[in-house]
There are 2 protein chains.
Amino acid sequence: MRVFTLTVLLLIPCLTFAQKKSSTPDLVRYVNPMIGTAKMGHTYPGATVPFGMVQLSPDTDTIPYEVNGKYNKDVYKYCAGYQYDDNTIVGFSHTHFSGTGHSDLGDFLIAPTTGKLQLNPGTADKPESGYRSAFSHKNEAAEPAYYKVKLDDHNILAELTASNRVGMHQYTFPKSDEAHIILDLMSGIYNYDGKTTWTFVRVENDTLITGYRQTNGWARTRTVYFAMAFSKPFHQYGNKDYSEAQVYKGFWRKFDQTKNFPEFAGKKLRAYFDFKTEEGEKIKIKFALSPVSTEGALANMKAEIPHWDFEQVKREGQAAWNKELSKVVVDAGKDDLVNFYTAMYHAFLGPTTYMDVDGRYRGLDMNVHQADGFTNYTSFSLWDTYRALHPLFNILQPARNNDMIKSMLAHYDQSVHKMLPVWSHYANENWCMIGYHSVPVIADAVMKGNGNFDANRALDACVQTARTRYYDGLEYYMDMGYVPEDKNGSSVSKTLEYAYDDWCIAQMAGKLNRPDIYEEFSKRAESYKNVYDAKSGFMRPKLSDGTWKQEFDPLDTHGQGFIEGNSWNYSLYVPHDPAQMIAMMGGKTRFAQHLDSLFTMELPDKYFENTEDISREGIIGNYVHGNEPSHHMPFLYNWTDQPWKTQERTRMVLKAMYKPTVDGLGGNDDFGQMSAWYIFSALGFYPVAPGSDQYAITSPAIRSATINLENGKTFSIEAKNQSDKNVYVQKMELNGKPVNRTYLTHDEIIKGGKITFYMGSKPNKKLFAIAP
Amino acid sequence: MRVFTLTVLLLIPCLTFAQKKSSTPDLVRYVNPMIGTAKMGHTYPGATVPFGMVQLSPDTDTIPYEVNGKYNKDVYKYCAGYQYDDNTIVGFSHTHFSGTGHSDLGDFLIAPTTGKLQLNPGTADKPESGYRSAFSHKNEAAEPAYYKVKLDDHNILAELTASNRVGMHQYTFPKSDEAHIILDLMSGIYNYDGKTTWTFVRVENDTLITGYRQTNGWARTRTVYFAMAFSKPFHQYGNKDYSEAQVYKGFWRKFDQTKNFPEFAGKKLRAYFDFKTEEGEKIKIKFALSPVSTEGALANMKAEIPHWDFEQVKREGQAAWNKELSKVVVDAGKDDLVNFYTAMYHAFLGPTTYMDVDGRYRGLDMNVHQADGFTNYTSFSLWDTYRALHPLFNILQPARNNDMIKSMLAHYDQSVHKMLPVWSHYANENWCMIGYHSVPVIADAVMKGNGNFDANRALDACVQTARTRYYDGLEYYMDMGYVPEDKNGSSVSKTLEYAYDDWCIAQMAGKLNRPDIYEEFSKRAESYKNVYDAKSGFMRPKLSDGTWKQEFDPLDTHGQGFIEGNSWNYSLYVPHDPAQMIAMMGGKTRFAQHLDSLFTMELPDKYFENTEDISREGIIGNYVHGNEPSHHMPFLYNWTDQPWKTQERTRMVLKAMYKPTVDGLGGNDDFGQMSAWYIFSALGFYPVAPGSDQYAITSPAIRSATINLENGKTFSIEAKNQSDKNVYVQKMELNGKPVNRTYLTHDEIIKGGKITFYMGSKPNKKLFAIAP
């Protein structure tokens, strides 16, 4: 048995692929799914295909979110189910978020075991006390669409792969008369006692199980259906109901339902299936999901994996990854290649497919809907992903982004609030974070001319969303021009983000010739001015009587009127009008000094230690790259007379915050937003204000890159003389002609062409002297 | 306001309808839905249409089935939600079983109130402590498809009517600034803490609510969807979640969800909708159900009640009842008319429609299925209804019975056990009672040539069901010819009922020319002999070693090897071969004496006081008419030399067990079985062994009757000189020709004709001298 190790993976020699355009290059080998699995990256190492419904991945612990109504702080580490430092694996479950800062999922955990049947998972320090197993990273390998690990306690080699809607397991057993496969229907991520509101299971025959699981978690009302097929018949099976008190059993009590009884249901179930195995015998499982029904799950299985060839599924999964990864073919140093393609991998994990092969899915109203002419997606981490991920999709995945917007509009149609998604997953609005950032996603596509959705209908949805008075302080914002801190917390962040979202609405209205809406929302877009305190020079919480909140510490992230950020950071959040903001804050020079301070000052732990999404790893000075509100800030130098500092800072951030190691991410990847930041910045441009067609120029971190656009054209980037030292742009040419501005436009990219950066070790302070 | 009283209803003068064949006669006026609502009839007085999905009826109490895991004996009274002796009404819920001896349902209780909002139901002794109200029977009226009552505490007149899938409420309010309509989503029949596993509600707009409720009760996994429309917009609304600990609230905590927030979900919810009303203002509600989705419920509402005309819905509902009731037009004394048509009403309450207007329904596998060319029914109380109700349907409702069998076959197709229904409701097998009595229902239809289902496929389903080894002692029965009491309780009842069901299979196999099956099941059908103890002269529990269980009291119903019956009664249960049974038990004379003893001996309370389904009211001697195992016994005299005693006994039972009063039923109506017994017996014949084409002759209790058959023909019954004293058949003519046998055949009825009974006050002991 050959076992890949992390080391091997990272030592693959660097090759240049720019030349190899005739066939899809093998880029999968640069992806290391283990990156971000240590510390707070919140990525998972398991098997999935691009934007796939199934994320089949090991869970190293399943500690509860709450115990006796009290929050369990340690759970935060397990947002993606896996922590690199752990020594045991509980099992392999089928759904995982990538990089999120709150969590859910972990459905249908499977654990293969040998020896005495144990239905409890056991504890991390005593894995032998349950079905879980010790494991070693040296016996572990993770690739796109493939994961394997040796389960030491049971002497089982576990291999996982997946198609879009079906996870495939391959377990190589030792010789055993007591081989078990456990299906834990209670297990989950961000679990708590009572989270599983119901499970229903049928043993259809000796190789097929169907059922569903309903949970009440981050998604309040969620049902996932499954069909589970074994490659070999089990010879016996059973289950145990762990409910404390089974109040009412009715006439089912006439059966012994715990053994070889084909139908069980309840709130806390674990099932097992028993086999006798020969040495080296492989038992495979196909585990299909559906948001609609067990019938749907079975149809998904039959459509996607009609055979038992594990290698074929892996091969097709990796081919799908190569196809997506090759949308950008780069030449760079070896670490940068791993960073780049792992970022591409993480960026293409979500939003995830949320419909059966026949296009049916469960909607927000819990009714079954038909996706008519589009792929329905779910898991929109919009507070994060509107910033760079969806803009990235507008270049690399315009067709999918179009379908994502159609999915958002379907959400809107189904929403009883008549609101676009805020943070939605599995037919649920979970209301996470603030703002209504479906709007910039839609505006970015509209302004860039991307997609065939009805733009006017989409604008109406944006407007309706932005007028939902009962939503998160909006009534005050609409009436007073700001959210008063005494009425609704995190008031400054909300005011600032609403203002930007409103600008996006105005931009769309302008393009679509809807003057009333343009007027209304252009005015609302200036609301950021209402929370700027000229005296302190910071955005500052204002009370409903119009006075500033007196107690105010612009460094503190706790209860100061900001969410997951302090005023130092959030005060720079006017992405739609940096020039005006800079003027308001004292002009270019003073502003550049302010920015300098941000990157160089020290932010003591006490100012963020209770803010879960901010950790020391993600901080440079007082610049919090590990969390989103700061992501556009390094680019703001472009609006001052010192754009070369943008180049310097972004290169520095790329180095500091992205490393090709398991603990290489400076914070939660946030469903690809951190990775999208990497990809843009490494390529040399970044969308400071989605909804505008401009990208702020910075210093490329690659030697060259070719973007293979869906329209068949290519846009190439060459960074001549680029190195770790040569981070300053000396001059720039677009299609051979000099460019002396700090931005590229979307059109310039999308119609194809080439941008050439000439790099040097010292800033060319004359270049870009005139800000946009 | 005119208030019907029970007295008025019962004093309607008797009319003869036999002549009025040109138009549908008004038979609704003879139906008194209050009959059986006192004591243990377990009927409900509310509004429903024939075989309707909605049973909108008042619940006078909602006490729990279990408290702290302990059974609450008092709940048994509330199987149908209503007890006549109660003085308060909690509210009006939309689903009720009629006459069952165990229960469930009571979904979506609505209570209109005035004054201070109270979301708790309050207590029966202090109705003012909650939303419930005192009421008086003098302000109450119940008719088919119509119910009304004055809610004294709130000065509201409540009126209810229904279409098949939609309940319609009409509440006449006083002038009030605080008028409320409460929707209690926690309330239910046979409720317990935790029974409601989830509820989901959307306030779509100010007149429309949608949602669903999931329960874990007698139906283990059950979801009912609803759409609720108000005739007038509410001006505010809200809800309260009564969960003890709301462990995880997620980001929903950013909202005050308790007031004017349009989406709520949880395990214990009550909602309210507020109005301001003028004196005498009517607020109407249309409340549609669906087994599929809220979309389905809304479509049902639009299809069935597209308007707000309460009187029209009531009129159409009563017209539907008159159509069904007029399938038998009888001339009889006034009490007998009320008894007869109330029995017809009760017989046509179920099984109930279980599909949307588009034919979709949720199946046993929890997937949505399409009923292709048939109406899908649910709530099959088969241990009861195979005896006389389905045979009655084979005469009066052959089309529906055909669809019911198709529904059973769909159940079989969806069953993971590959079993036909035992006792099923709402896409659930609840496993209540014993046997596999779908079989006689199917056999009766096959043998009588009724229905267009695939008889061979149906036979296969029966065979497969009867071979399910893990079902309730079947493995022993199959291997040993009897169920050993030490292996599986109620062993004798099971052996006897399996034997009869097996005979039904053999009959079908014979007709369908399937000799292997015929042989196998003919042999199994004789298994009753294996539990007959010739020494004691009783059926008796046998142990797995082949010896009789020593402790044995043939009078006791508790733990003697019988279910809901004692050996005295169950020993007479060989419906498929009374002649052989009689021979086995010592011959005709001795058997007739045995039967005489049954009716004349005394059964002390101690022998049945712990058997819920048996009460003093339902007992004559040791004959337990109030429960089903005895129902065929009065007819067994027909197999002796004293058939006139059948005539005497059935007339006596009719008088004793069926009275036109609220406490008029001698036991649970059992979803129409008790009523079907009444109808058959009153007409003068009874199906002792469904699956045979014969009906045992007895003494008609009506003066004349015309059965309007679905084939367009009529079968008439005339009982000349019949009176309470003239209960003995002197002679009998079929189509004018003398008949001297104790049975009629199905063909004789179904091809139309007339049977004339000549009645007298003394037995004609020469008639029927030769038993069949």
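Residues numbered from 1 in each chain as written. Chains lettered and ligands numbered in written order. Predicted model: local features only at pLDDT ≥ 70, side-chain atom pairs only at ≥ 80, totals over all residues.

(A) Representation of the overall build of chain A. Counting secondary structure elements, chain A contains 18 helices and 36 strands. Computed over C-alpha atoms, the radius of gyration of chain A comes to 26 Å, within 12% of the 28 Å expected from 2.2 N^0.38 for 772 residues, which places it in the range of a compact globule. Referenced to the eigenvectors of the C-alpha coordinate spread, the extents of chain A come out at roughly 80 × 60 × 50 Å. Split into buried and exposed, the 772 residues of chain A put 62% on the buried side. Partitioning the intrachain contacts of chain A with sequence separation of at least 6 by distance along the chain shows that 70% fall at a separation of at least 24. (Helix = DSSP H or I, 4+ residues; strand = E, 2+ residues; numbered from the N terminus. Rg over C-alpha atoms; globule rule 2.2 N^0.38 Å. Buried ≥ 20, exposed ≤ 12 C-beta atoms within 10 Å, placed from the backbone. Contact = placed C-beta atoms within 7 Å.)

(B) Local environment of unusual backbone geometry. In this structure, the amide linkage connecting glycine 350 of chain A to the following residue, proline 351 of chain A, adopts the cis form with an omega of -5 degrees. Locating proline 351 of chain A in the fold gives a position in the loop between helix H4 (334-347) and strand E21 (352-353). Positive phi outside glycine occurs at asparagine 155 of chain A, with the angle close to 55 degrees. Here asparagine 155 of chain A is to be found in the loop between strand E9 (146-151) and strand E10 (156-162). Phi is positive for methionine 433 of chain B, which is not a glycine, with a value near 65 degrees. Inspection of the secondary structure puts methionine 433 of chain B in the loop between helix H7 (398-414) and helix H8 (438-447). Given 24 C-beta atoms within 10 Å, methionine 433 of chain B falls into the buried group.

(C) A look at helix H7 (residues 398-414) of chain A. Residues and elements named next belong to chain A. The end-to-end C-alpha separation of H7 is 24 Å, in line with the 24 Å expected for 17 residues at 1.5 Å each. Judged by how many residues are buried, H7 sits mostly within the fold: 12 of 17 residues are covered. Taken together, the buried positions of H7 are occupied by Arg400, Asn401, Asp403, Met404, Ile405, Lys406, Ser407, Met408, Leu409, Ala410, His411 and Tyr412. For H7, the secondary structure elements touched by its buried residues are strand E23 (368-370), strand E24 (377-378), helix H6 (389-396), helix H8 (438-447) and helix H9 (455-466). (Expected span 1.5 Å × (residues − 1).)

(D) Geometry of the relation of the copies chain B and chain A. Each copy superposes on the other: chain B lies on chain A with an RMSD of 0.0 Å after a rotation of 180 degrees and an axial shift of 0.0 Å. As the rotation angle and translation indicate, the two copies are arranged about a two-fold axis. Looking at the rotation axis and the C-alpha trace of chain B, the residue lying nearest is threonine 197 of chain B, at 3.1 Å. Residue by residue, 98% of the interface of chain B is reproduced at the interface of chain A, so both copies engage with the same surface. (Least-squares fit on C-alpha atoms with pLDDT ≥ 70 in both.)

(E) Representation of the sheet that holds strand E35 (residues 743-745) of chain A in the model. Read across the open sheet, the three strands follow the order E29-E30-E35 (chain A); overall the sheet is antiparallel. Among the strands making up the open sheet, the edge pair consists of strand E29 (685-686) and E35 of chain A. (Pairing = 2+ DSSP bridges.)

(F) View of the nonpolar core. Ranked by internal contacts, the top residues of the largest apolar core, which has 496 residues, are Phe226, Ile505 and Ile679 of chain A together with Phe226, Ile505 and Ile679 of chain B. Ignoring any residue separated from it by four or fewer positions in sequence, one finds phenylalanine 226 of chain B in contact with Phe108, Thr210, Gly211, Tyr212, Phe287, Ala288, Leu289 and Ala297 of chain B. (Core = buried A, V, L, I, M, F, W, Y, C linked by C-beta atoms within 7 Å.)

(G) Highlighting the interface of chain B and chain A. At the junction of the two partners, chain B supplies 42 residues and chain A supplies 43 residues. Looking at the side of chain B that touches chain A, the elements that each hand over two or more residues are strand E13 (196-205), strand E17 (263-266) and helix H2 (294-304) of chain B. Counting residues per element, the side of chain B that touches chain A draws most heavily on E13 of chain B, which supplies six residues. Within the side of chain B that touches chain A, the residues separate by chemical class into 19 nonpolar, 13 polar and 10 charged. (Nonpolar A, V, L, I, M, F, W, Y, C, P; charged D, E, K, R; others polar.)

(H) Quick look at the domain arrangement of chain A. Residue and element names in this part refer to chain A. According to the domain assignment, chain A consists of domain 1 (30-319) and domain 2 (374-760). Taking only C-alpha atoms, the centre of domain 1 and the centre of domain 2 are 37 Å apart. Counting residues at the interface gives 27 residues for domain 1, matched by 27 residues for domain 2. For the side of domain 1 that touches domain 2, the residue count by class is 11 nonpolar, 12 polar and four charged. (Domains from an automatic or database assignment.)

(I) Structural context of the sheet that holds strand E8 (residues 140-143) of chain A. Residues and elements named next belong to chain A. Strand order in the open sheet made by the nine strands is E8-E9-E10-E11-E19-E15-E14-E13-E17, with antiparallel pairing throughout. On the outer flanks of this sheet lie E8 and strand E17 (263-266), each paired with one strand and no other. Ignoring strand direction, the axes of neighbouring strands in this sheet form an average angle of 15 degrees. Pairing analysis gives eight bridges linking strand E14 (residues 208-215) to strand E15 (residues 222-230), with the strands arranged antiparallel. From the neighbouring strand, leucine 208 faces E15, where its bridge partner is alanine 229. The strands touched by helix H3 (residues 310-325) are E9, E10, strand E11 (166-172) and strand E19 (282-290); relative to E10, the strand with the most contacts, the crossing angle is about 45 degrees. (Axes fitted to C-alpha atoms, helices over the stretch in contact; angles between N-to-C directions.)

(J) Up close: the environment of threonine 210 of chain B. Inspection of the secondary structure assignment puts threonine 210 of chain B in strand E14 (residues 208-215). In this view, threonine 210 of chain B contacts Arg202, Glu204, Phe226, Ala227, Thr294, Ala297 and Leu298 of chain B; residues no more than four positions away in its chain are not counted.

(K) View of the packing of H8 of chain B against helix H11 (residues 491-511) of chain B. Residues and elements named next belong to chain B. Relative to each other, H8 and H11 sit at 30 degrees, their axes nearing to 9 Å. If you check the angle between H8 and H11, you find them roughly parallel. You can see that H8 and H11 cross each other, and the crossing is left-handed. Of the residues in H11, those in contact with Val439, Pro440, Ala443, Val446 and Met447 of H8 are Asp501, Cys504, Ile505, Gln507, Met508 and Lys511. Each residue belonging to the contact of H8 with H11 can be placed in one class, and the counts come to eight nonpolar, one polar and two charged. (Parallel < 35°, antiparallel > 145°, perpendicular 65-115°, else oblique. Left-handed = near helix turned anticlockwise from the far one by under 90°.)

(L) Fine view of H3 of chain A. Residue and element names in this part refer to chain A. Taking 1.5 Å per residue, 16 residues should reach 22 Å; H3 reaches 22 Å between its end C-alpha atoms and fits that length. Among all positions of H3, only Phe310, Val313, Lys314, Gly317, Gln318, Ala320, Trp321, Glu324 and Leu325 are buried. Buried residues of H3, seen end-on, are gathered within an arc of 150 degrees and therefore sit on one face of the element. Away from its buried face by more than 90 degrees, H3 exposes Glu311 and Lys323. Buried residues in H3 make contact with E9, E10, E11, E19 and H4. (Arc of directions from axis to C-beta.)

(M) Quick look at the environment of glutamine 647 of chain A. Inspection of the secondary structure puts glutamine 647 of chain A in helix H16 (residues 644-657). Excluding residues that lie within four positions of it along the chain, glutamine 647 of chain A makes contacts with Thr698, Ser699, Val727, Tyr728 and Val729 of chain A.

(N) Broad picture of the pairing of E11 of chain A. Residues and elements named next belong to chain A. By the criterion of burial, E11 is predominantly enclosed, with seven of the seven residues buried. Burial of the side chains of E11 extends over both faces: Val166, Met168, Gln170 and Thr172 are buried on one face and Gly167, His169 and Tyr171 on the other. Two strands pair when backbone bridges link them, and E10 and E11 are joined in this way by six bridges, in the antiparallel orientation. For alanine 158, the partnering residue across the bridge sits in E11 and is tyrosine 171. Linkage of E10 to E11, two consecutive antiparallel strands, is achieved through a turn of three residues. Here E11 runs beside E19; their pairing, made up of seven bridges, is antiparallel. Bridged to glycine 167 within E19 is phenylalanine 287.

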